[in-house]
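One letter stands for each residue in the lines below.
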Amino acid sequence: MEYNNLGKSGLQISRLSLGSWLTFGKQIGDNIAEELMDIAYDAGVNFFDNAEIYSRGESERVMGKVLKKKGWKRDSYIVSSKAFFGDGGQLPTQKGLNRKHLVEACEAAIKRLQVDYLDLFFCHRPDKSTPIEETVWSMHNLIMQGKILYWGTSEWSAQEIMEAHMVAKQYNLIGPTMEQPQYNMLHREKVEVEYNQIYKTVGLGTTIWSPLASGILSGKYNDGMPESTRLSMDGLEWLKDANLVDEKLQKVREMTKLAQEVGLSMPKFAIAWCLKNPNVSTVILGASKAAQLKETLTTMDDLDKLTPEILEKVEGILDNKPAFPAF
Ligand code: NDP
């Protein structure tokens, strides 16, 4: 495994990490969740990603039980949570980025994960109904109280991230260290263009999600719908409709041939492509089976196979390179 700084912070994060959305506490049994964490940890993964909304708190509970059972040294891993959507409660005070919810969500995540503090705490989405000053002050105070170590954002615009930094600067507070955006061959704009300036100015780190676009970039949907997969799950029709569209499938089919040419499986090819972007601090892997994770975790060894010529061929197939503004 390789490690790098999370943005301009001194925190060393593994380039591959493990997430729990839709799997822990939902699609997979607790025994599989434990096996996945074991495999990841043994391979040098040091970051486990979570959120209050994942299986309405259950994902954190499952991860917490594994962390406790394993007894891994607390200084050997990084664990996160995210607040905004709540953990299922529908009352107005049970969500958002206001001080009350951030403090309560942090406490709840610490309890469910059975840790003394969270390493990373994300604002899961921007909150138009809370002043940015309140959010920045709340996160800063959680750091001062030792309840979180670094805070970040997820799916914020570059402008929103910069507003947070301006507030932090004005009051001498700690600003956001990292952003968690979606990034994969089929979804590129924010990471490649929108954040381009702020990697340099504020030293933004990124913990990117859905590197396989929920599995479509594994190539397994190329010839129809395989059973027992995420996009065949009841209740996830919205995700299927967003991903299983002809235009995307056609690109993945062509990409699968290119992956074969370079001697890589399609999942590894798609993840290697994400890792090639130097502004990606860590690629958060998802898996429902041990074999999937064992496969994708070896991707670091194959980055050299994505030569400039191959990357050019990738662009030819994708035909979606986001353009920089002309001015
Ligand atoms: P991916 O896009 O990589 O999808 C993971 C899924 O793809 C697996 O669960 C599995 O689904 C399938 N898969 C994985 N490896 C293979 C393989 N080798 N061969 C075939 N199929 C494979 O990532 P996720 O969407 O899971 O996102 C990763 C993490 O990012 C999440 O767990 C979460 O922590 C975070 N995230 C954050 C969000 C945010 O808003 N901040 C939003 C979403 C995710 P199956 O076997 O069921 O088909």
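Look a little higher up for the structure.
None of these values were measured; they are calculated from a predicted model.

Colleague: Would you take a moment to explain the side chain of Lys 82 for this structure?
Modeller: By secondary structure assignment, the location of Lys 82 is in strand E5 (residues 78-83). Within the structure, Lys 82 has its side chain in polar contact with the side chain of Asp 49 (distance 2.7 Å). A distance of 3.4 Å separates polar atoms of two side chains, one belonging to Lys 82 and the other to Gln 180. With near-sequence residues (within four places) excluded, Lys 82 lies in contact with Asp 49, Asn 50, Ala 51, Glu 52, Tyr 54, Phe 121, Phe 122, His 124 and Gln 180.

Colleague: I would appreciate a short explanation of the packing of aromatic side chains in the present structure.
Modeller: What describes a pair of aromatic rings is the distance from one ring centre to the other and the angle between the planes of the rings. Using the criterion set out here, one finds seven aromatic pairs in the structure. Relative to Trp 72, the ring of Phe 48 lies with its centre 5.9 Å away and its plane at 10°, an arrangement referred to as stacked. Note that Phe 48 is positioned in strand E4 (residues 47-49) and Trp 72 in the loop between helix H2 (58-70) and E5, a separation of 24 residues in sequence. For the pair Phe 48 and Trp 72, one class covers both residues: buried. Here Tyr 195 and Tyr 199 contribute two aromatic rings whose centre-to-centre distance is 6.5 Å and whose plane-to-plane angle is 85°, an arrangement assigned as edge-to-face.

Colleague: I'm lost on the packing of helix H4 (residues 132-144) against helix H5 (residues 158-171) in this one. Help?
Modeller: Packed helices, taken two at a time, are described by the angle between their axes plus the distance between the axes. H5 packs onto H4 with a crossing angle of 65° between their chain directions and a minimal axis gap of 9 Å. Accordingly, the angle class assigned to the pair H4 and H5 is roughly perpendicular. The interaxial crossing formed by H4 with H5 has right-handed handedness. Taken together, the residues of H5 that come into contact with H4 (itself represented by Ile 132, Glu 133, Val 136 and Trp 137) are Glu 163, Ala 164, Val 167, Ala 168 and Tyr 171. The class makeup of the residues in the contact of H4 with H5 is seven nonpolar, no polar and two charged.

Colleague: Got a minute to help me understand H4 in this structure?
Modeller: Note that an α-helix has 3.6 residues per turn; residues three or four places apart therefore point the same way. Taking 1.5 Å of rise per residue, the 13 residues of H4 would be expected to cover 18 Å, and the 18 Å separating its terminal C-alpha atoms lies within 8% of that figure. Turning to H4, its buried residues are Ile 132, Thr 135, Val 136, Ser 138, Met 139, His 140, Leu 142 and Ile 143. In this fold, the buried residues of H4 make contact with helix H3 (99-113), strand E6 (118-123), strand E7 (148-153) and H5. Within two residues after H4, Gly 146 carries a phi angle of roughly 80°, on the positive side.

Colleague: Is there a simple way to explain the site of the ligand in this structure?
Modeller: Taken together, 33 residues sit near the ligand, with Gln 27, Asp 49, Ser 210, Lys 220 and Ser 288 positioned nearest. In this structure, a nitrogen atom belonging to the ligand sits 3.3 Å away from a side-chain N or O atom of Tyr 54. Here an oxygen atom of the ligand sits 2.8 Å away from a polar atom, N or O, in the main chain of Ser 214. For the ligand, whose free accessible area comes to 910 Å², the fraction covered by protein is 97%. Per-element accounting of the shell around the ligand gives the leading share, three residues, to helix H11 (residues 290-296).

Colleague: So what exactly am I meant to see when it comes to the pattern of salt bridges here?
Modeller: Any two side chains of opposite charge can pair, on the condition that their charged atoms come close. Counting across every chain of the model gives 21 salt bridges. Notably, a salt bridge pairs Glu 104 with Lys 100, separated by 2.7 Å at the nearest N-O pair. Within this pair, Glu 104 and its partner Lys 100 are both found in helix H3, separated by four residues, close to a single helical turn. On the accessibility criterion, Glu 104 (38% relative accessible area) is partly exposed. The residue Lys 313 makes a salt bridge to Glu 261 at a minimum N-O spacing of 3.8 Å. On the criterion of sequence distance, the pair formed by Lys 313 in helix H12 (residues 308-318) and Glu 261 in helix H9 (residues 246-262) is long-range, its members being 52 residues apart. By relative accessible area, which is 45% here, Lys 313 ends up partly exposed. Its relative accessible area of 58% is what places Glu 261 among the exposed residues. Several salt bridges converge on common partners, so that one network encompasses Glu 34, Asp 38, Lys 69 and Lys 70.

Basis of the calculations
Residues numbered from 1 in each chain as written. Predicted model: local features only at pLDDT ≥ 70, side-chain atom pairs only at ≥ 80, totals over all residues. Heavy atoms only, no water. Helix = DSSP H or I, 4+ residues; strand = E, 2+ residues; numbered from the N terminus. Polar contact = N/O pair within 3.5 Å; in protein donor to acceptor, adjacent residues only side chain to side chain. Contact = heavy atoms within 4.5 Å. Phe/Tyr/Trp six-rings, centres within 6.5 Å; stacked < 30°, edge-to-face > 60°. Buried < 20%, exposed > 50% of the residue type's maximum accessible area, 1.4 Å probe, protein only. Axes fitted to C-alpha atoms, helices over the stretch in contact; angles between N-to-C directions. Parallel < 35°, antiparallel > 145°, perpendicular 65-115°, else oblique. Left-handed = near helix turned anticlockwise from the far one by under 90°. Nonpolar A, V, L, I, M, F, W, Y, C, P; charged D, E, K, R; others polar. Expected span 1.5 Å × (residues − 1). Near = heavy atom within 4 Å. Areas by Shrake-Rupley, 256 points an atom, 1.4 Å probe, with all protein chains shown as cover. Salt bridge = Lys/Arg side-chain N within 4 Å of Asp/Glu carboxyl O.

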